[in-house]
Every structure is written in structure tokens, then in C-alpha cells.
There are 4 protein chains.
Amino acid sequence: MNSPDAKKQKLQCGDGSDGQINVADTGEFSFSDKPTLDDIRKVQHEFCKERNWDQFHTPRNILLAMVGEVGEVSELFQWRGEVKEGLPDWSEKDKKHLAQELSDVLIYLVRLSERCHIDLPAAALEKIEMNKKKYPAHVVYGSSKKYSEYDLKE
Amino acid sequence: MNSPDAKKQKLQCGDGSDGQINVADTGEFSFSDKPTLDDIRKVQHEFCKERNWDQFHTPRNILLAMVGEVGEVSELFQWRGEVKEGLPDWSEKDKKHLAQELSDVLIYLVRLSERCHIDLPAAALEKIEMNKKKYPAHVVYGSSKKYSEYDLKE
Amino acid sequence: MNSPDAKKQKLQCGDGSDGQINVADTGEFSFSDKPTLDDIRKVQHEFCKERNWDQFHTPRNILLAMVGEVGEVSELFQWRGEVKEGLPDWSEKDKKHLAQELSDVLIYLVRLSERCHIDLPAAALEKIEMNKKKYPAHVVYGSSKKYSEYDLKE
Amino acid sequence: MNSPDAKKQKLQCGDGSDGQINVADTGEFSFSDKPTLDDIRKVQHEFCKERNWDQFHTPRNILLAMVGEVGEVSELFQWRGEVKEGLPDWSEKDKKHLAQELSDVLIYLVRLSERCHIDLPAAALEKIEMNKKKYPAHVVYGSSKKYSEYDLKE
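- The name given to chain A in an unreviewed UniProt entry is dCTP pyrophosphatase 1, with Lingula anatina as the source organism.
- In the Function (unreviewed entry) part of its UniProt record, chain A is described as follows: "Hydrolyzes deoxynucleoside triphosphates (dNTPs) to the corresponding nucleoside monophosphates. Has a strong preference for dCTP and its analogs including 5-iodo-dCTP and 5-methyl-dCTP for which it may even have a higher efficiency. May protect DNA or RNA against the incorporation of these genotoxic nucleotide analogs through their catabolism."

With respect to the relation of the copies chain C and chain D
Link 1 in the chain: Screw-axis analysis of chain C against chain D gives a translation of 0.0 Å along the axis, an RMSD of 0.0 Å, and a rotation angle of 180°. Here the two chains are linked by the operation of a two-fold rotation axis. Relative to the rotation axis, the C-alpha of Thr36 of chain C is the closest in chain C, positioned 2.4 Å from it.
Link 2 in the chain: Looking at the interface residues of chain C, 97% of them are also at the interface in chain D, so both copies use one shared face.

Some points on the interface of chain C and chain D
Link 1 in the chain: With 93 residues of chain C in contact, the opposing surface of chain D contributes 94 residues.
Link 2 in the chain: Here chain C meets chain D over a buried area of about 8,400 Å², counting both sides, of which 68% is carbon and sulfur.
Link 3 in the chain: Residues Arg115 of chain C and Glu85 of chain D are paired through a salt bridge, measuring 3.7 Å at the closest nitrogen-oxygen approach.
Link 4 in the chain: Connecting chain C to chain D are 34 residue pairs in polar contact (both at pLDDT 80 or more).
Link 5 in the chain: Breaking the side of chain C that touches chain D down by element, the ones donating at least two residues are α1 (4-10), α2 (37-50), α3 (59-77), α4 (92-115), α5 (120-134) and α6 (137-140) of chain C.
Link 6 in the chain: Its residues assigned to classes, the side of chain C that touches chain D shows 45 nonpolar, 23 polar and 25 charged.

A short note on helix α2 (residues 37-50) of chain D
Residue and element names in this part refer to chain D.
Link 1 in the chain: Look at α2: 20 Å from first C-alpha to last across 14 residues, which is about the 20 Å you get at 1.5 Å a residue.
Link 2 in the chain: Within α2, burial applies to Leu37, Asp38, Asp39, Ile40, Arg41, Gln44, His45, Phe47 and Cys48.
Link 3 in the chain: At the N-terminal end of α2, a side-chain oxygen is found 3.3 Å from the backbone nitrogen of Asp38, two or three residues along, and the residue is Thr36.
Link 4 in the chain: Residue Asn52 follows α2 closely and has a positive phi angle near 60°.

Here's the deal with the side chain of Lys127 of chain C
Link 1 in the chain: Position of Lys127 of chain C among the secondary structure elements: in helix α5.
Link 2 in the chain: Its relative accessible area of 9% is what places Lys127 of chain C among the buried residues.
Link 3 in the chain: Sequence-distant contacts of Lys127 of chain C, defined by excluding residues within four places in its chain, comprise Gln100, Ser103, Asp104 and Ile107 of chain D.

Quick notes on the interface of chain B and chain A
Link 1 in the chain: In this assembly, 94 residues from chain B lie in contact with 93 residues from chain A.
Link 2 in the chain: Buried surface at the junction of chain B and chain A, both sides included, amounts to about 8,300 Å², of which 68% is carbon and sulfur.
Link 3 in the chain: In this structure, the connection of chain B to chain A is made through eight salt bridges.
Link 4 in the chain: We note a salt bridge from Asp104 of chain A to Lys127 of chain B, for which the minimum N-O separation is 2.8 Å.
Link 5 in the chain: On inspection of chain B and its partner chain A, the count reaches 34 residue pairs in polar contact (both at pLDDT 80 or more).
Link 6 in the chain: Sorting the residues of the side of chain B that touches chain A by element identifies α1 (4-11), α2 (37-50), α3 (59-77), α4 (92-115), α5 (120-134) and α6 (137-140) of chain B as the ones contributing at least two each.
Link 7 in the chain: Looking at the side of chain B that touches chain A, the element that brings in the most residues is α4 of chain B, giving 17 residues.

Cut-offs and rules
- Residues numbered from 1 in each chain as written.
- Chains lettered and ligands numbered in written order.
- Predicted model: local features only at pLDDT ≥ 70, side-chain atom pairs only at ≥ 80, totals over all residues.
- Heavy atoms only, no water.
- UniProt positions renumbered as here; feature names shortened; annotations may be inferred.
- Least-squares fit on C-alpha atoms with pLDDT ≥ 70 in both.
- Contact = heavy atoms within 4.5 Å.
- Buried area = accessible area lost by both parts, 1.4 Å probe.
- Salt bridge = Lys/Arg side-chain N within 4 Å of Asp/Glu carboxyl O.
- Polar contact = N/O pair within 3.5 Å; in protein donor to acceptor, adjacent residues only side chain to side chain.
- Helix = DSSP H or I, 4+ residues; strand = E, 2+ residues; numbered from the N terminus.
- Nonpolar A, V, L, I, M, F, W, Y, C, P; charged D, E, K, R; others polar.
- Expected span 1.5 Å × (residues − 1).
- Buried < 20%, exposed > 50% of the residue type's maximum accessible area, 1.4 Å probe, protein only.

Written out as C-alpha cells, the structure is:
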């Protein structure tokens, strides 16, 4: 939406560092290094404390809020048929809107994890490691069959 | 910054024993610093490439997968009535299960953002800044009314 | 929201019969007999045909629309903590809003089933029969444990 | 109208062979006339009472269960790309599975409505009438733009 430089200037992370757009040499799309998941947790934590909103942020309240945001993401995709990587056919306005709704999902996901005392980044890495074992590349290469359908003993 | 190896060692910690749970001096629950959202993106990107799964990872396919995972999180909360912060009444097994399902939501959210070329961490920070303006602390303090219900001109 | 009589007059079902509010002798809350699921299917079918919307109503488009509506239902419940049967603490406006959002879920669920050529009422009855066998009353009485946790051979 | 016994016989038809699929003269796919939404409500009501499950069926518990079932429907569509009307490329087993998951969504939707004392069939008909006014055929013909984007005064 913005040029990388513009975005870099605009973003002020929780710890004072600025957001950087990583573009790998391969041209692979990548995210900014910052904010980290814990940066987001901290900023949102302060945001809620300043508003005295902790009282509303029970786990199930937050979960339902997250479901609501997933619904809003779905609405942006609902009448489009299949959508191409990078959203080349979307307007800038729609892309911006999607970025906001995906952000809302992330913010509530981080908040839900915090309220449940679950270390989300650590858990995610662990889950990916589990997935690597569960879906060995040589067995599942090019197939989308569900795990339960594989005969992993073959 | 840790080397990948250091990170791998640090985070293979299913039992939570050495998962680098950061507890700030205030006793506030916090997340591990690593992996960042871009770390998760990269690891998952490699995971999919090695399995030749990019062909299945169209935005709407990923979105539906994310909806499925949100459903699995919901199932863990469905018969419990209200749940307390920190899940003091949950078994370790259930907490672990929840950590995995929240991770699945995060992994697909990151993947969906990547496939849509949306810089998720930058977008999230921007959204939080928007929220700060939309819900000024002195107006919304202690209230959960929806934004549209506030008279922000008062 | 309305008295039963008022509602009875207002509803004009697809087949020309009028909606009746069934109140069993026990005082048990009940639904109107009409419209049936097939009435809703037919009315919505005509609605879409008149607007030339069938072209947009591919199964996955409808599914995402349904997810969006489930999100809107969730938003109505999100900051309330636990909610009592019959919603005694809700305003008439909020109840009406909920009725509309639940209706949207139903309309898309019916439409999705139609577009998938699935006989939803027949399937639902079959599923309930399956559930009766899966969860025998004498085994599961007063327990919310998941099916997989029961030892049904005991 | 059939007696309950007749209905029971008619609908115990896992293989679809005798499930009274109504095909109108036009060849339009249609649902069975029975069960109605209130039939489903009643059967499920009895089912829960016999198992002493009402205690678990608070509105938000049921809502989260419904979200879980919507997630399971989504999982059936997640890796398929766009799907054709009538699911011609799906196996009988997958179609059957989908019928069951759609049924689960319906059962919980009916149950949620009952527990909230919302007359779901009446509300749905009312909502469709609202939609007819909101989206006049001559304005929205062949367009999927959102309501808010239409200039209905033109």
C-alpha cells in the first residue's frame, strides 16, 4: 500500500525500533521483523489496561470476538470465487480492508493466548516441528490428503 | 537475535520447562521473543515448499483451513461455561491441546497473509494505532459498548 | 417481540399458509410450524433467481457468507459473559438483531445445502438418530464428556 | 403430513435410496417436507432432556459448539479449490460426511434459537422479506455488490 520507505517511517514499534520490510534476495514476499508477537501482546495489554477493559477480556469473550473477526475476513472473500496469490485483482481499498481484518484476528488471537497464559510463538514453533514429523516430505509430496488417510508405515 | 539452531534448542519444549517464558519483573505473563511472525512465515514457507503444497495454498483454501482451526479452538471451550484467566481449572493435557489449536490458527493466519502479500505485523501495529484513536481512553474507560454507540463528540 | 397473534397474521408462508406459534401445554417454547426448511429453500431460490444471483452462489461462496453470518452472531454474544436462557437481560432491539443474524445463518445454510444437493431436513433427522445411538442416555446421562472419551462397552 | 412413525421409516435412509428427495416437475432440487424446524427442535429437545444435558446448553456453550461444526464444514471444503453445484466430483462418502456436518450446524442453530427463545422459522421469513426490500431485483440484478454500495435512490 505504501512504499517500503514510507511504511518504515510510519511504524513505531513498542520498543522504539522501526518496522522493516524484509525483501529477501529471491524476491520472496516477507513480513516486517517488528513488531514481534510479544510486542503486539504488550501494546494491546497496555491498550486494554488504559481503558479498564481487562474485566471484559475473559477467554470466551475474546474467543467470540475473534470468531467475529474471522467472519469479517470471510465476508471480504465471499463473492469472489477463487482468488489469486497477491490479490492482483483487488482494489487498494479492499486490500487495506483485508489487512485490517487480518490484524484484528491476530490481535484477538494474541490476546486470547495471553489471557490463557499460552506462549503463542513458542507453541507455534513446536506445532510446526510436530507437523514436520507428522507429514514427512517424501510421503506427502504434492498431495493434500488428510493425515489420517496416509499410510505412514509404507 | 538467535541463530536458528539456538532457537530450535530453546523452543523444543513440549512440557514448557525451557520454553523461555518471559516473566517481566511485574509478574505479567509474556510471550517468548522468538519466533517472530516473519520467522513463522519463513519456516512455514519452507515447510510447504518442501512438500510441494504451494499449489493448494490459494487464499480461500487457506482461509477455510483457518476457519476449521478456529472451530477446533471453539470446541475446546464449548461445554465449559465461563473460563478463568490462566485456565486454572484445565488439565495440562487440555492446555497443551489449546496451545496447539491456537498455533494452527496462527500458522494459517500467517500463511494467508503471506499468500495475500499482506505485511501482517506492520498491519497489526497500524490497526492498534487506529484503535487508539477510535477508542480514546477517557471516552471508553470501563465500557464495552460498541464504537458506533459512542458519541465521540461529547 | 410480537404477541403470538400479531406474528401469526404477519407471516405469510411460501405456500400461502400462515405461520402458527405452537405453544405446547407444558409451556415449552416452540417454533412456528411454518415455514418449513423447504419453504425457506424455495423462497430463497426465487429470491436469487429474480436477482440473477445464482452465478455468485457457488458452494464455497455461500459457505464463506455463512461463516460471515456466524461471525455476526458471535459479535452479539462477545462482551456479555455467560448469557441466560431466554435472554432475560437483553433489550428487545438486541433480541431482534440476534433473530436476524440467526436467520441469516439459516438462510445460507439452507442455500448451501441446496447448492450441494443435500436434503438438509432428512440429513438432520438421520444425524439425530445417529446421535441417539452414539450417546445412549444411560451412558451419558448428565455428562458432557466427548464421545471419544466414553467407554461404551462398559 | 405424516405420522411420526411414517416419518421415521421414511427418513432412516443413510444411503439416500428412500429419503423422499422431492424433485419438482421442473427438475429443481428440493428438500423433504419433513421434518420441519419445529420437529427438529422437539426431537433435539427430547434428546437433551433424556440425557440431562440442558444444564450444559447455555446459549454461549451452544454457540461455540455451532462454531465448531461450521469449522468442520469448512474443513471438508478447504483443499478443493472451487466446487461445482451438486458436488459432481465428490465421493459418496464425502457427500455423506458433508450432509452430517451441515446437519450438526442446523441442529445447534435450532437449539441455540430455542435456548434464546427465538422463533427461528418466523424470523427467517421476516428476514427474507426484509432482504426483498433491501435488494430490489431491478437494482441489484446480476450484481454482488454489497448493499451499502448501492445507490438505492437512483
